[in-house]
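Observations on chain architecture
Listed below are the residues making up each chain.
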Amino acid sequence: MKFLVTPVSEDFLKAFCFFFPTLFVNIAECSQPLEIRSEDFLNRSSFPVTMQNQNDIVKDEAEVAASIAANKFEEWGNCSMKDAMEEPSFQEEDAAKVPYVGDKEPLSSLSAEYQAGSPILLEKIKILESQYTAIRRTRGDGNCFFRSFMFSYLEHVLESQDRAEVDRIKVNVEKCRKTLQNLGYTDFTFEDFFALFLEQLDDILQGTEESISYEELVNRSRDQSVSDYIVMFFRFVTAGEIRTRAEFFEPFITGLSNTTVDKFCKSSVEPMGEESDHIHITALSDALGVAIRVVYLDRSSCDNGGVTVNHHDFVPVGTNEKEEASAPFITLLYRPGHYDILYPKSSCKVTDNVEK
Amino acid sequence: MQASRARLFKEYKEVQREKVADPDIQLVCDDTNIFKWTALIKGPSETPYEGGVFQLAFAVPEPYPLQPPQVRFLTKIFHPNVHFKTGEICLDILKNAWSPAWTLQSVCRAIIALMAHPEPDSPLNCDSGNLLRSGDVRGFNSMARMYTRLAAMPKKG
């Protein structure tokens, strides 16, 4: 079911490698080191899309990336894509201006970003506007996937007060702890991160002295000593899952970065600030048993000229059919190199509209 | 501050327990400051550093373990990835590849591994790197050996 399992042909990879350098130059010029990953292309290959010529794809990615970058700087607010691309390269301090987790913004703030953008993107945003009410941006510091997941998950539990879900995930967290121990990780290297996540779970359930409000959850998500620790907790969980199921993940890791599972975890999962891929998302979703919907905003379009917004559901292994039928409660917006949080109007409507 | 202190205290206890297990590393915490550590590591065998004892200084930053410790050689060493004057070490896990899964003890092990397997293509000590890159292993070994004798071996008499 997962598109992870889609076999990637050698030709496809060759093609990817062929224009990757060009992409890299374009992206590097216009923004922070946003990475274009094979994921985008995997995604593209698994949906009916018109063949664009290489230049188009390059432009596409650069444009989306530039737009994300432009949004990072308030002073860039109204400049066109071209201006954004000619702007000197991204400085790390600029990322620090954006909070780890932003405020909930109406979806119209997204279209404002793309005023001078491609018609396809604008059309897609229109579709998004019909399905989603709001967006919450996260800082583009390489931890955006984990940070988005963290806030989205905790916010869901805080709002639903779903004690059964908390009990369920705690069982999975304990499994992850065992996994890391079995892999030979020293307890004290990860236990503080586990403890802090479990503490948040207890605190967001109401009815105890420690119970916290929605505002406090937002504050904690912006407080480095909490936020980064939880991101790190997810990184440990993800690395543990990938290592224990090394056989399953190995082909994807080799295809993506031509390295070993061990090296991949050491260099691309465990260190803070390393960006996430479909590998990370699959592993985290499986380890914690939480489904994640990722909505893709790029310039791909359909053969018949119609524009649809692609999404992919990461459904944890072992999910039964009934559970699979309901839409995941975590929805993230993916633009090449960055994840933000999306808020659906109502979960069933979204499923109807998108699954075409 | 609290988190890093608690973590370092755990590492301190672990070091006491591991002392026998890893005779090549002697990791000591400053008496008055848990953020300052020194280590004595033995030069790995079958390298020009064999027989030498090298001192490392650790300065642990407040956001530890989210950020790596700063480590440098206090003992002079001729190695492509160690700055000859400052003792600064070029090692990925001390920079962008750091993760809290590492400990001060495992950093010492990584540095010993680096001593045994230099990376001449990313040199901090160009003279040393150039010897290896030009294939002059004998020249490199004799220089490294000389500095090990001069700086890392207890003086006789």
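Residues numbered from 1 in each chain as written. Chains lettered and ligands numbered in written order. Predicted model: local features only at pLDDT ≥ 70, side-chain atom pairs only at ≥ 80, totals over all residues. Heavy atoms only, no water.

You'll find chain B entered in an unreviewed UniProt entry as E2 ubiquitin-conjugating enzyme, with Eutrema salsugineum given as the organism. Looking at the Sequence similarities (unreviewed entry) heading of the UniProt record, one finds this comment for chain B: "Belongs to the ubiquitin-conjugating enzyme family." (UniProt positions renumbered as here; feature names shortened; annotations may be inferred.)

Identification of chain A as ubiquitinyl hydrolase 1 from Eutrema salsugineum is taken from an unreviewed UniProt entry. Under the UniProt heading Catalytic activity (unreviewed entry), the note attached to chain A is "Thiol-dependent hydrolysis of ester, thioester, amide, peptide and isopeptide bonds formed by the C-terminal Gly of ubiquitin (a 76-residue protein attached to proteins as an intracellular targeting signal)."

A few words now on the overall build of chain B. Secondary structure summary: chain B contains four helices and four strands in total. In chain B, the order of α-helices and β-strands from amino to carboxyl end is α-β-β-β-β-α-α-α. Against the compact-globule benchmark of 15 Å for 157 residues, chain B has a radius of gyration of 16 Å, which places it among compact chains. Projected onto its principal axes, the C-alpha positions of chain B cover 50 × 40 × 25 Å. Residue burial in chain B is summarised as follows: out of 157 residues, 46% are buried. Within chain B, contacts between residues at least 6 apart in sequence are counted, and of these 56% link residues at least 24 apart. Accessible surface computed for chain B: about 8300 Å², of which carbon and sulfur atoms make up 53%. Computing the positive centroid from 19 side-chain charges and the negative centroid from 16, chain B places the two 5 Å apart. (Helix = DSSP H or I, 4+ residues; strand = E, 2+ residues; numbered from the N terminus. Rg over C-alpha atoms; globule rule 2.2 N^0.38 Å. Buried < 20%, exposed > 50% of the residue type's maximum accessible area, 1.4 Å probe, protein only. Contact = heavy atoms within 4.5 Å. Areas by Shrake-Rupley, 256 points an atom, 1.4 Å probe, with all protein chains shown as cover. Lys, Arg positive; Asp, Glu negative; His and termini not counted. Charge placed at Lys NZ, Arg CZ, Asp CG, Glu CD.)

On to the pattern of salt bridges. Side-chain pairs of opposite charge can arise whenever the charged atoms involved come near each other. All names here are of chain A. For the coordinates displayed, the defined rule picks out 25 salt bridges over all chains. For Asp228, the salt bridge identified is with Arg147, shortest N-O distance 2.7 Å. On the criterion of sequence distance, the pair formed by Asp228 in helix α12 (residues 224-244) and Arg147 in helix α8 (residues 144-160) is long-range, its members being 81 residues apart. Each member of the pair, Asp228 together with Arg147, is buried. A salt bridge links Arg335 to Asp340, with the nearest nitrogen and oxygen atoms 2.9 Å apart. (Salt bridge = Lys/Arg side-chain N within 4 Å of Asp/Glu carboxyl O.)

Moving on to the packing of aromatic side chains. Inspection of every chain in the model, using the stated rule, returns 29 aromatic pairs over all chains. Between the aromatic rings of A:Phe194 and A:Phe233, the centroid separation amounts to 4.8 Å while the plane-to-plane angle is 85°, which identifies the pairing as edge-to-face. Taken together, the residues span a long stretch of sequence, with A:Phe194 in helix α10 (residues 187-204) and A:Phe233 in helix α12 at a distance of 39 residues. A single burial state applies to A:Phe194 and to A:Phe233, both of which are buried. Ring geometry for B:Phe78 and B:Phe84: centres 6.4 Å apart, planes at 85°, overall edge-to-face. Residue B:Phe84 is classed as partly exposed on the basis of its relative accessible area, which comes to 26%. (Phe/Tyr/Trp six-rings, centres within 6.5 Å; stacked < 30°, edge-to-face > 60°.)

Sites flagged by UniProt as "domain: UBC core" (unreviewed entry) map to residues 3-153 of chain B. Along residues 3-153 of chain B the backbone is 34% helical and 15% strand, and the end-to-end C-alpha distance reaches 38 Å.

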